[in-house]
Amino acid sequence: MAHHADALILRPMTPGDVPAAERLSAQAFLEVERRHLPRSLPEPAARPADRGQAWARRTLHLLRTDPGGCWVAEEGDTLVGFATSFVRETTWFLATYAVLPGHQGRGTGVQLLAAAMHHGRGCLHGMISAMADPQAARRYRLAGFTLHPQMHLSGTVDRAAIPVIEKVRDGSAGDSDLMDSVDRGTRGAAHGPDHELLLAELRLLVSDTSTGSGYVYVEPGGSVALLAATNRRTATRLLWAALAESTGPTRLGHVSAANAWAIDVGLAARLELGQGGYLALRGMNPPAPYVHHGALL
Ligand SMILES: CC(C)(COP(=O)(O)OP(=O)(O)OC[C@H]1O[C@@H](n2cnc3c(N)ncnc32)[C@H](O)[C@@H]1OP(=O)(O)O)[C@@H](O)C(=O)NCCC(=O)NCCS
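Residues numbered from 1 in each chain as written. Predicted model: local features only at pLDDT ≥ 70, side-chain atom pairs only at ≥ 80, totals over all residues. Heavy atoms only, no water.

Draft legend 1. Inspection of the sheet that holds strand β10 (residues 224-229) at higher detail. Within the open sheet, the 5 strands sit side by side as β7-β8-β9-β10-β13. Their pairing is antiparallel. Either end of the sheet is taken by a strand with one partner, and the two such strands are β7 (169-170) and β13 (290-291). Where strand β9 (residues 213-218) meets β10, 5 bridges bridge the pair, whose relative direction is antiparallel. Each residue of the ladder has a partner; that of V216, found in β10, is L227. The strands that helix α7 (residues 232-244) touches are β8 (203-208), β9 and β10; relative to β10, the one it contacts most, it runs at about 160°. (Pairing = 2+ DSSP bridges. Helix = DSSP H or I, 4+ residues; strand = E, 2+ residues; numbered from the N terminus. Contact = heavy atoms within 4.5 Å. Axes fitted to C-alpha atoms, helices over the stretch in contact; angles between N-to-C directions.)

In structure tokens:
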């Protein structure tokens, strides 16, 4: 048990910290959802165990690629906060950032964000996907990021609205160069090693024609995890292909105002439009046509 007399220590995260960091982030994010989700939505639940394992695998991946971008804050032997960040080409990304509820508002978050941002000091661009927490949005704006509200579409897809889908195929590791190239054209930086991780966890659909190319990672329930394309026509085709995979309630999150095409598809599928959280950017415009990943961006 930490005493308030214990000094706050910042140090690089190690693989041994990952289980405690996973629990801490699940707790902090549940608290944000309890406070800020609209009352019309069902009571938020804690992150389920399988999601926790996926979170841990992703964080271990970031510790391998970016040991200097991942920091923890400790008071005595209690982990009170952490920030995981990574650099891909010219861009710095913040994956997860949280301070234990009850320890917030004492300056811990400011120090953690500074340590993580130091890892990206040579980067021209920065990208963060934030939940609806006003404290997080405050931190990002004060750190120089522009805040772009995010929309989401949820519900059950109207099967009768799904158009005939052509020119979409299953993807594989052989599509990495294609995906990195589409990433550079939309996001400004390739996902590089992150494609290996995403491929191991999610279904990949690819469209590659003479007029455009793109890809989408789809979660087991049919929700979109990440989508990028060289034009709206290809992006629209891929989004319909992903929605056609859904078997029950589905969700398309992380839609910025620059991606009206995605809202059009979601509305045509009779999903319900909502809004929450921010895409926080530095030195770049909202990527399009693009639906970012919540942590790998
Ligand atoms: C966002 C989050 C990580 C910020 O961490 P935090 O520890 O609460 O942030 P801080 O305490 O460093 O906040 C700093 C503010 O407190 C003030 N502060 C209060 N006591 C302080 C102290 N003893 N020392 C230094 N600063 C102090 C600072 O001056 C600063 O004010 P400012 O906003 O005007 O700059 C945290 O609130 C959180 O976990 N939120 C929920 C999860 C979440 O949404 N994370 C982001 C997801 S993308």
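Draft legend 2. Seen up close, the site of the ligand. Close contacts around the ligand come from 21 residues, with Y97, G107, D133, R138 and R139 the closest. One of the backbone nitrogen or oxygen atoms of Y97 is found 2.7 Å away from a nitrogen atom of the ligand. A distance of 3.5 Å separates an oxygen atom of the ligand from a polar backbone atom of T108. Contact with the protein chains removes 73% of the 950 Å² of surface that the ligand exposes when unbound. Contributions of two or more residues to the shell around the ligand are made by α1 (18-36), β4 (91-99), α3 (108-119), β5 (125-130) and α4 (134-142). It is α4 that provides the largest number of residues to the shell around the ligand, a total of 6 residues. Tallied by class, residues from the shell around the ligand come to 10 nonpolar, 7 polar and 4 charged. (Near = heavy atom within 4 Å. Polar contact = N/O pair within 3.5 Å; in protein donor to acceptor, adjacent residues only side chain to side chain. Areas by Shrake-Rupley, 256 points an atom, 1.4 Å probe, with all protein chains shown as cover. Nonpolar A, V, L, I, M, F, W, Y, C, P; charged D, E, K, R; others polar.)

Draft legend 3. Local environment of the packing of aromatic side chains. A complete count under the given rule lists 5 aromatic pairs for this structure. With a centroid separation of 6.0 Å and an interplanar angle of 40°, the aromatic rings of Y97 and Y140 are classed as tilted. Of this pair, Y97 sits in strand β4 while Y140 is found in helix α4, placing the two residues 43 residues apart along the sequence. Ring centres of Y215 and Y217 lie 5.6 Å apart, and the angle between their planes is 75°; on these two criteria the pair is classed as edge-to-face. Assessed through its relative accessible area of 0%, Y215 is described here as buried. For Y217, a relative accessible area of 0% puts it in the buried group. (Phe/Tyr/Trp six-rings, centres within 6.5 Å; stacked < 30°, edge-to-face > 60°. Buried < 20%, exposed > 50% of the residue type's maximum accessible area, 1.4 Å probe, protein only.)

Draft legend 4. Representation of the sheet that holds strand β11 (residues 250-256) in the model. With mixed pairing, 8 strands are arranged side by side in an open sheet as β1-β2-β3-β4-β5-β12-β6-β11. Where the open sheet ends on each side, the last strands, each with one partner, are β1 (8-12) and β11. Averaged over all adjacent pairs, the angle separating strand axes in this sheet is 25°, with direction ignored. One ladder, built from 5 bridges, connects β5 with strand β12 (residues 272-282); its direction is antiparallel. Each bridged residue has a counterpart across the sheet, and for I128 the counterpart in β12 is A280. Helix-sheet contacts for α4 involve β4, β5, β6 (146-155) and β12, and the interaxial angle to β6 is about 145°.

Draft legend 5. Representation of the packing of helix α2 (residues 49-65) against helix α6 (residues 194-201) within the structure. At their nearest, the axes of α2 and α6 sit 11 Å apart, and the two run at 160° to each other. Relative to α6, α2 is oriented roughly antiparallel. In the crossing of α2 with α6, the sense of the turn from one axis to the other is right-handed. Within the contact between the two elements, α2 uses A54, R57, R58 and H61 and α6 uses D194, L197 and E201. Among the residues making up the contact of α2 with α6, the classes are represented as 2 nonpolar, 1 polar and 4 charged. (Parallel < 35°, antiparallel > 145°, perpendicular 65-115°, else oblique. Left-handed = near helix turned anticlockwise from the far one by under 90°.)

Draft legend 6. A look at the pairing of β10. Most of β10 is tucked away, with 6 of its 6 residues classed as buried. Taken together, β9 and the strand that follows it, β10, pair antiparallel across an intervening segment of 5 residues, in which G222 is found at a positive phi of about 100°. As paired elements, β10 and β13 share 2 bridges and run antiparallel to each other. Residue pairing for β13: A228 is matched across the bridge by Y290.

Draft legend 7. Here's a closer look at the pattern of salt bridges. Inspection of every chain in the model, using the stated rule, returns 16 salt bridges. The salt bridge partner of D194 is R88, with a shortest N-O separation of 2.9 Å. Remark: R88 occurs in strand β3 (residues 78-88) and D194 occurs in helix α6; sequence separation between them is 106 residues. For D194, a relative accessible area of 0% gives the class buried. Two residues, R203 and E245, come together in a salt bridge whose shortest N-O distance is 2.2 Å. With R203 in strand β8 and E245 in the loop between α7 and β11, this pair connects stretches of sequence that are 42 residues apart. What you see here is one network of salt bridges that share partners, running through E31, R34, R35 and E43. (Salt bridge = Lys/Arg side-chain N within 4 Å of Asp/Glu carboxyl O.)

So, to be careful, I would describe these as geometric facts and stop short of saying anything about function.
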